[in-house]
Amino acid sequence: MSNSMPMVPVSEAIEMVLRETAKLLWSRSTSSEESSSSCVPSNLVGRISATDIKAPSPGYPNHNSSIMDGYAVKTCDLIRALGDYNSMSERDQQEFVLDFTVIAKIFAGDETIPSHHSEINGRKAIYLTTGAVVPDGYDAVIPVEETILLERADGISNMQIVRTKVQSVLNTKPWTWIRTIGCDVPADSIVLSRGELICPVHLALLTQVGVSLQHVRVKDIVRVGVLSTGNELIANALGGYTTNGKIPDANRPLLLAQLSTYHNCEAVDLGIVSDDEGRDNISTKLEDALFGEGSVDVIITTGGISMGEKDIMEQVFVEGMGGKIHFGRMNMKPGKPTTFITIDKSINGQTHRKLVFALPGNPVSASVCTELLVRPCLDLLHHGVDVNSISDDIDSFVQFASENAIVHEEVIATLESDIVLDKGRPEYHRVSLERTPVVSQHGTQQYAYQATSTGVQRSSRVLSLRNADGLMMLPRGGPLGCGYDVAEKGMSYPVLLFSSLSVSNLTKPRFKDSLHCKMSTAAPDNKKDDAIQVGLIICSTEEPQDENAESKICTTVARTLNKHCRASILRKATIIFNDNNALTQQLPDTVNGTAMEGVDIIFVVGCIGNIAGFSSGLEISHVLRSIMLKKANALALQVRQAAASQDGLAALFENVVGTVRKGSAVLISCSDKGLEGAVGSISGSIRHLRSVLVQ
Ligand SMILES: Nc1nc2c(c(=O)[nH]1)N[C@H]1C(S)=C(S)[C@@H](COP(=O)(O)OP(=O)(O)OC[C@H]3O[C@@H](n4cnc5c(N)ncnc54)[C@H](O)[C@@H]3O)O[C@H]1N2
Ligand code: MOO
């Protein structure tokens, strides 16, 4: 059973899924496995083109075409008339009549030029409607509103340029108001690229240049099988009562519909298996689904993956099918027993790889894990990787593909009410969001998000998904987690949006830019500036009397930071020291150690408690100063004043602000007295402070 597996952080789980998915893509790109087909035109949108398609000659438009309802003229006539016009006196110029004999009319859609008065001498014009063919020899169009039409006695029409427009018409450049052949889409230009996501615009482009939509080849879409497991389940699509102990299978309708909203796969209903069918029978069934005719590429199963006697899905995949488990538990709520497996099978000398997500049976857990893990996996399989942008070895392919995979859009949202944190695991809390416009410092419009919990988050309670816009990433609470117990109203946390707000690929969030990626590879240099990560070191000479004391410090720092900037406490360490020598050793180690790796700011809070505690407070400052490279003394004074204005005792603590080495986090020390004032005084300028000090 996978409960013996280590509980991996969600960030690592996502990365593993993306990397294994990338390996599947790699094996397909190097084998003949990548297949394509044509499909009915109405199903083309959302599919990926398997080939480059070029516009055949002559491109679009295929004739010189009028952009205006007006008259086709020859600019050589205009040049001649301009010469005459320029040699006239100003008075004669005012009397000058620029006129043309209208020799024919051509309407949009007319294939041939109608017969016309070819015997007529002088300036000639042809009436055209928008889109009509501009006949050879004519190279400009004058819009009707610049002309007056006069019927002559001989029945022929005369077109005169209105007086105020004469000068500009005389200066008309060749090809004015004409779309020349191929000017919108040049011949041979690529109108649909291999690997491109087909959008409505492509249907127009292909049609314009005369490519039949039936000839477009698309990559075969990923097929995802959904299987429910459990003796208790009955298929209940038609409704009706269940007998005692039985429940309707809610997961299949939920997941099949959820997958269909992703537009990146074809969801295949694999039905229900009962646990009592046994390992071997279930393995055989799944083997057929994965490798038989019309096989699926990915399987999602729900249920039977935790610690019960009937939880046999791990055995089904590993012992029954030779699968390899990459992780068997995730450090999150809901979704702990989530298990990710790959099955590689050699058929006719070629290895075929399938991906398996064995998800928990609780409907909310299954849905959230599908969103968190399966959606990015399917997006990567569907969109593929731009092979041109990478070298041809598997490692760099996998690296590139996983880093650039599209993941969830993240926004920072402020809680509308308190949420009690789970003490066992970080929670992906379902929230609904409201968005209000705010104006940033630079005057640009941005949005602030307010989050409201969808209520009780039990994993069986499907109602917690109703009206949810995303998953708020709440830290694990309590002393073993972030140190505080309640995410309070007004605090801000990241929310992963269920559906992306962005339309263009450029703004689509990539894994390498996501919070999850930062959490798993927290190297100071590749972090984004918009979510400040805070480490907190609490130093005390004695075990706290009040067991909530630490939690209070964490809450104060978190709440105060949250008021002023996007920051959250990521790491926490406590140092209890009995003599100053111990502090001299422990504090530098903790500041420089792995516990604080990757954070932007480290607050060192000295618990001075009483007057006796001040010597230890001084020692904390002394130790920190001895390891500091750059000091920001003016800021340290500002922190001290702010703390002292809140609690006079804080004036006796010597605050320090600075960095320890090149690129290190910014250290800020303060005492537990006047803590809120101290943190508040600096949190508004933390971003700036970091960019100035950390170089
Ligand atoms: N001793 C322990 N027990 C459990 C642990 C644990 O760590 N130790 N983990 C709990 C967590 S967390 C979860 S989540 C569940 C997941 O269990 P399974 O994946 O084995 O799923 P089942 O036991 O089969 O089902 C769980 C729950 O969901 C209902 N269910 C299952 N399938 C469906 C469906 N298709 N539609 C609707 N509801 C379904 C099922 O009846 C159960 O009530 O394990 C905990 N246990
Ligand atoms: O992890 Mo389970 O999905 O909490 O209920």
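Quick notes on the rules
Residues numbered from 1 in each chain as written. Chains lettered and ligands numbered in written order. Predicted model: local features only at pLDDT ≥ 70, side-chain atom pairs only at ≥ 80, totals over all residues. Heavy atoms only, no water. UniProt positions renumbered as here; feature names shortened; annotations may be inferred. Near = heavy atom within 4 Å. Polar contact = N/O pair within 3.5 Å; in protein donor to acceptor, adjacent residues only side chain to side chain. Nonpolar A, V, L, I, M, F, W, Y, C, P; charged D, E, K, R; others polar. Phe/Tyr/Trp six-rings, centres within 6.5 Å; stacked < 30°, edge-to-face > 60°. Lys NZ or Arg CZ within 6 Å of the ring centre and 35° of its normal. Axes fitted to C-alpha atoms, helices over the stretch in contact; angles between N-to-C directions. Helix = DSSP H or I, 4+ residues; strand = E, 2+ residues; numbered from the N terminus. Parallel < 35°, antiparallel > 145°, perpendicular 65-115°, else oblique. Left-handed = near helix turned anticlockwise from the far one by under 90°. Contact = heavy atoms within 4.5 Å. Core = buried A, V, L, I, M, F, W, Y, C linked by side-chain atoms within 4.5 Å. Buried < 20%, exposed > 50% of the residue type's maximum accessible area, 1.4 Å probe, protein only. Domains from an automatic or database assignment. Buried area = accessible area lost by both parts, 1.4 Å probe. Salt bridge = Lys/Arg side-chain N within 4 Å of Asp/Glu carboxyl O. Pairing = 2+ DSSP bridges.

As named in an unreviewed UniProt entry, the chain is molybdopterin adenylyltransferase, taken from Cyclotella atomus. Of the comments in the UniProt record for the chain, the one headed Cofactor (unreviewed entry) reads "Mg(2+)".

Asker: A description of the site of ligand 2 should follow, citing residues and the corresponding values.
Answerer: Neighbouring ligand 2 are the residues Pro-334, Gly-335, Lys-336, Pro-337, Asn-362, Ser-365, Arg-425 and Ser-459. Here Ser-365 contributes a side-chain N or O atom positioned 2.4 Å from an oxygen atom of ligand 2. Here Ser-459 contributes a side-chain N or O atom positioned 2.2 Å from an oxygen atom of ligand 2. Looking at the shell around ligand 2 residue by residue, the class counts come to two nonpolar, four polar and two charged.

Asker: I'd like a rundown of the packing of aromatic side chains, residues and numbers included.
Answerer: Summed over all chains, the structure comprises six aromatic pairs. An aromatic cluster is built from Tyr-71, Phe-107 and Tyr-127, whose rings are joined through pairwise contacts. Over the ring of Tyr-127 we find Lys-105, and its NZ or CZ is 5.6 Å from the ring centre.

Asker: Summarise the packing of helix α6 (residues 251-262) against helix α9 (residues 363-383); cite the residues concerned and give the values.
Answerer: At a minimum axis distance of 10 Å, the contact between α6 and α9 shows a crossing angle of 30 degrees. Between α6 and α9, the angle falls in the class roughly parallel. You can see that α6 and α9 cross each other, and the crossing is right-handed. Where α6 abuts α9, its residues Asn-251, Leu-254, Leu-255, Gln-258, Leu-259 and Tyr-262 lie against Pro-363, Ala-366, Ser-367, Thr-370, Glu-371, Val-374, Arg-375 and Leu-378. Counted by class, the contact of α6 with α9 contains eight nonpolar, four polar and two charged residues.

Asker: Provide a residue-level description of the site of ligand 1, including the pertinent values.
Answerer: Close to ligand 1 lie 21 residues, the nearest being Glu-232, Asp-249, Ile-305, Ser-306 and Lys-336. Between ligand 1 and the protein, one listed contact pairs an oxygen atom with a side-chain N or O atom of Lys-336 at 2.9 Å. Taken together, the elements giving at least two residues each to the shell around ligand 1 come down to β18 (247-248) and α9. Considering only residue class, the shell around ligand 1 consists of nine nonpolar, eight polar and four charged.

Asker: So what's going on with the nonpolar core? Residues and values would help.
Answerer: With 54 residues, the main nonpolar core has Leu-259, Phe-357, Leu-372, Leu-373 and Leu-378 as its most contacted residues. Counting residues domain by domain, this core receives three or more from each of domain 1 (2-35 + 220-403) and domain 4 (410-519). Formed by 50 residues, the second largest nonpolar core is a distinct cluster that contains Ile-569, Val-657, Ile-668 and Ala-678.

Asker: Provide a residue-level description of the domain arrangement of the chain, including the pertinent values.
Answerer: Its domain assignment divides the chain into domain 1 (2-35 + 220-403), domain 2 (41-61 + 183-218), domain 3 (65-179), domain 4 (410-519) and domain 5 (532-693). The C-alpha-based centres of domain 1 and domain 4 are spaced at 26 Å. Taken together, the 22 residues of domain 1 in the interface contact 25 residues of domain 4. Taking both partners together, domain 1 and domain 4 bury about 2,000 Å²; carbon and sulfur atoms supply 66% of that area. Looking at the side of domain 1 facing domain 4, the largest losses of area belong to Lys-333, Val-364 and Glu-403, adding up to 32% of the total buried there. Across the pair Lys-333 and Asp-422 runs a salt bridge whose closest N-O atoms are separated by 3.2 Å. The interface formed by domain 1 and domain 4 holds eight residue pairs in polar contact (both at pLDDT 80 or more) in total. Of all the secondary structure elements, the ones that give two or more residues to the side of domain 1 that touches domain 4 are α1 (10-29), α9 and α10 (394-403). Among the elements that line the side of domain 1 that touches domain 4, the one with the most residues is α9, at eight residues.

Asker: Which residues make up the environment of Leu-98, and what values go with them?
Answerer: Structurally, the position occupied by Leu-98 is in the loop between α3 (90-95) and β7 (99-106). Expressed as a C-alpha distance, the spacing of Leu-98 and Arg-353, which sit 255 residues apart in the sequence, is 76 Å. Those residues within four positions of Leu-98 in sequence are excluded, and the remaining contacts are Leu-78, Ala-81, Arg-123, Met-159, Gln-160, Ile-161, Val-166, Val-169 and Leu-170.

Asker: Break down the sheet that holds strand β23 (residues 339-347) for me, citing the residues and quoting the values.
Answerer: With mixed pairing, six strands are arranged side by side in an open sheet as β19-β16-β20-β24-β23-β21. The open sheet terminates on both sides in strands that have one partner only, identified here as β19 (265-273) and β21 (324-327). Each adjacent strand pair in this sheet contributes to an overall mean axis angle of 25 degrees, direction not counted. The pairing of strand β16 (residues 222-229) with strand β20 (residues 298-302) spans five bridges and is classified as parallel. Within β20, the position partnered with Val-226 by the bridge is Ile-300. Contacts from α9 reach β16, β19, β20, β21 and β24 (350-359), with the element oriented near 155 degrees to β24.

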